[in-house]
Amino acid sequence: MSVSSVRELTVWRTFANGQQVRVGGLAQNREGIYFQYAPDYLVEHCSLSPFALKWDSSVQRAPRAPHGGLHGVFADALPDGWGLLLMDRVFRQQGVLPAQVTPMDRLAFVGATGSGALSYTPVADFVPEADDKPIDTAQLGLHAQALFDGQTSEVLAELVAAGSSAGARPKAQLYFAPGDYKVCRTRAKGGDEAWLVKFTSSNLSLGHEEGLCEAAYLSLAEGAGLKPPSWQLLPAPKKSGAKAWLAVERFDRVWRTDDVPGCAHLHSACGLLDADFRAPSLDYEDLIKASGQLCRGAQAAKLQFRRAVFNLFAVNQDDHSKNWAFLQSDDGEWLPAPFYDVTFSPGRFGEHATGYAGFGKQPPLKVLKRLAAGAGYASWPQARQDVQRVVDALAEFSAVAKKLGVSLETIRLIQQQLDQTYHQNRDLLVG
């Protein structure tokens, strides 16, 4: 069976009250992919991507790079890693090789299952439709694990319907009745909660303790005032090899009492700034500046500065441009998204994916002072207080991790790296 490439798509936005409006249209030909805002959207609403899209009725061609020929704001809907694996498996089942699939085909596959407020029609007719039928959470997680580990090639329709999300780890965007996490759904019913559940594998860097370690880091980030998302640990079946799976509350969903959840527009720094997340293409200097401009104030810029400091001392070096994002409310106001995908993640050669004014590691004091000034701090002593607060929060890692059930071996491994990183960067606390 062959699948014809998608030539046109309608872009929709769902607001916090559940209302859905037409944003505009996408079309492609041999020259590229084009977008045009709908006239009504221009009159009544606000720009989806103020740095990259013109706020007018012109037909706008997407750059060829770095988003595979898509505009960044729409490329945000596409998965990588795990979600891409699922998508490509389904395309192969339809007799289509991934190399034959265009970005527009992938948007049609995503439809309304992506993160954020944007959705795309028509949806590819071979995509499993999300529904509100109950699914056993444990069985879904075990199947995701088996697929990730190469123990099966079968792709459950429920796993595909659970949405496309970024990152390499096996995961699913699921809905639960409050307090009942043994059964999930791929489409919300009235009063449901929305969670991103991250499953585990022995093939991950921290094995089956990935979720526990990320939970510890989220706790530390909360203690440092960095506004991470809400989270919880769900009991995992013994067969999985994990003590628990991490569930992170979806901050792109705004809940109502009926069956249609409201949404918040989510835009990654990758899409907003046309930064290639696969390469070190973003710098904290640019992220801090963009945050201050987009969010109209120093508070957002200072928050991003403190998060940058946390990543430095916490050895979270997988801090690429898709791990930074912004939320837009219905009235057009922007805020930094919660601090997500924050965990112990050493990179090759000890280098961060996002640079510190050009430094991939061990930024000198003058650089941190420069970032602090760019974030709007009145003086370095004022910024240094915030740096110290972050370092003090990280000092609690071993105690927090032990309480969450992380093994002593893994705690020692991470604590050793934290101590080494602290000593390499301690001059930043005394300047």
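Residues numbered from 1 in each chain as written. Predicted model: local features only at pLDDT ≥ 70, side-chain atom pairs only at ≥ 80, totals over all residues. Heavy atoms only, no water.

Draft legend 1. Up close: the nonpolar core. Residues Y217, F305, F310, L371 and F397 are the most contacted members of the largest nonpolar core, which totals 63 residues. Top element by residues in this core is helix α10 (residues 298–314). It accounts for 10 residues. Leaving out residues up to four positions away in the same chain, F310 has contacts with Y217, L220, A221, L226, F339, V342, V390 and L394. With 58 residues, the next largest nonpolar core counts V6, Y41, Y120 and F176 among its residues. (Core = buried A, V, L, I, M, F, W, Y, C linked by side-chain atoms within 4.5 Å. Buried < 20%, exposed > 50% of the residue type's maximum accessible area, 1.4 Å probe, protein only. Helix = DSSP H or I, 4+ residues; strand = E, 2+ residues; numbered from the N terminus. Contact = heavy atoms within 4.5 Å.)

Draft legend 2. Representation of the environment of R106 within the structure. Secondary-structure assignment places R106 in helix α4 (residues 103–110). Spatially, the C-alpha atoms of R106 and G179 are 34 Å apart, while their sequence positions differ by 73 residues. Look past the residues within four positions of R106 in its chain and what remains in contact with it is L78, L84, M87, D88, F91, P98 and V101.

Draft legend 3. Quick peek at the sheet that holds strand β2 (residues 20–29). With respect to topology, five strands assemble into an open sheet ordered β4-β3-β2-β1-β5, the strand pairing being antiparallel. In the strand order of this sheet, the two ends are held by β4 (60–61) and β5 (118–121), each with one partner. As paired elements, strand β3 (residues 32–37) and β4 share two bridges and run antiparallel to each other. Opposite Y34, over in β4, you have R61 as the bridge partner. (Pairing = 2+ DSSP bridges.)

Draft legend 4. The packing of α10 against helix α12 (residues 380–394), seen in detail. Put simply, α10 and α12 touch, their axes get as near as 9 Å, and they point 45° apart. Taken together, the axes of α10 and α12 are oblique relative to one another. Seen from above, α10 lies across α12 with right-handed handedness. In contact with K302, F305, R306, V309, F310, F313 and A314 of α10, α12 contributes W380, Q382, A383, D386, V387, V390, V391 and L394. When the residues that make up the contact of α10 with α12 are grouped by side-chain class, the tally is 11 nonpolar, one polar and three charged. (Axes fitted to C-alpha atoms, helices over the stretch in contact; angles between N-to-C directions. Parallel < 35°, antiparallel > 145°, perpendicular 65-115°, else oblique. Left-handed = near helix turned anticlockwise from the far one by under 90°. Nonpolar A, V, L, I, M, F, W, Y, C, P; charged D, E, K, R; others polar.)

Draft legend 5. Structural detail: the pattern of salt bridges. A full pass over the atoms with the stated rule returns 11 salt bridges. Where K322 meets D80, a salt bridge forms, and the shortest distance between an N and an O atom there is 3.2 Å. Of this pair, K322 sits in the loop between α10 and β16 (325–328) while D80 sits in the loop between α2 (72–75) and α3 (82–93); the two residues are 242 residues apart in sequence, bridging distant segments of the chain. Considered together, K322 and D80 belong to a single accessibility category, that of buried residues. A salt bridge links K198 to E214; its shortest N-O distance comes to 2.9 Å. Residue K198 is found in strand β9 (residues 193–198), and its partner E214 is found in helix α7 (residues 210–223); the two are separated by 16 residues along the sequence. A relative accessible area of 4% places K198 in the buried class. Residue classification places E214 among the buried positions, given a relative accessible area of 2%. (Salt bridge = Lys/Arg side-chain N within 4 Å of Asp/Glu carboxyl O.)

Draft legend 6. Representation of the sheet that holds strand β6 (residues 135–136) in the model. Read from one edge of the open sheet, six strands run β6-β8-β7-β9-β11-β10, paired in antiparallel fashion. Two strands lie at the open edges of the sheet, namely β6 and β10 (231–235), each paired on one side alone. Both β10 and strand β11 (residues 244–249) contribute to a ladder of five bridges, which runs antiparallel. Residue W231 lies in a different strand from β11, and its bridge partner there is V248. Lying over the sheet, α7 contacts β9, β10 and β11, oriented at roughly 155° with respect to β10.

Draft legend 7. Here's a closer look at helix α14 (residues 408–425). With 18 residues, α14 should cover 26 Å at 1.5 Å per step; its first-to-last C-alpha distance of 25 Å lies within 8% of that length. Every buried residue of α14 is listed here: T410, I411, I414, Q415, L418, T421 and N425. Buried residues of α14, viewed axially, fall in a sector of 125°; they line one side. Opposite its buried face, α14 presents the exposed residues L408, E409, R412 and Q416, each directed more than 90 degrees away. Contact partners of the buried residues in α14: α7, α10 and α13 (397–404). (Expected span 1.5 Å × (residues − 1). Arc of directions from axis to C-beta.)

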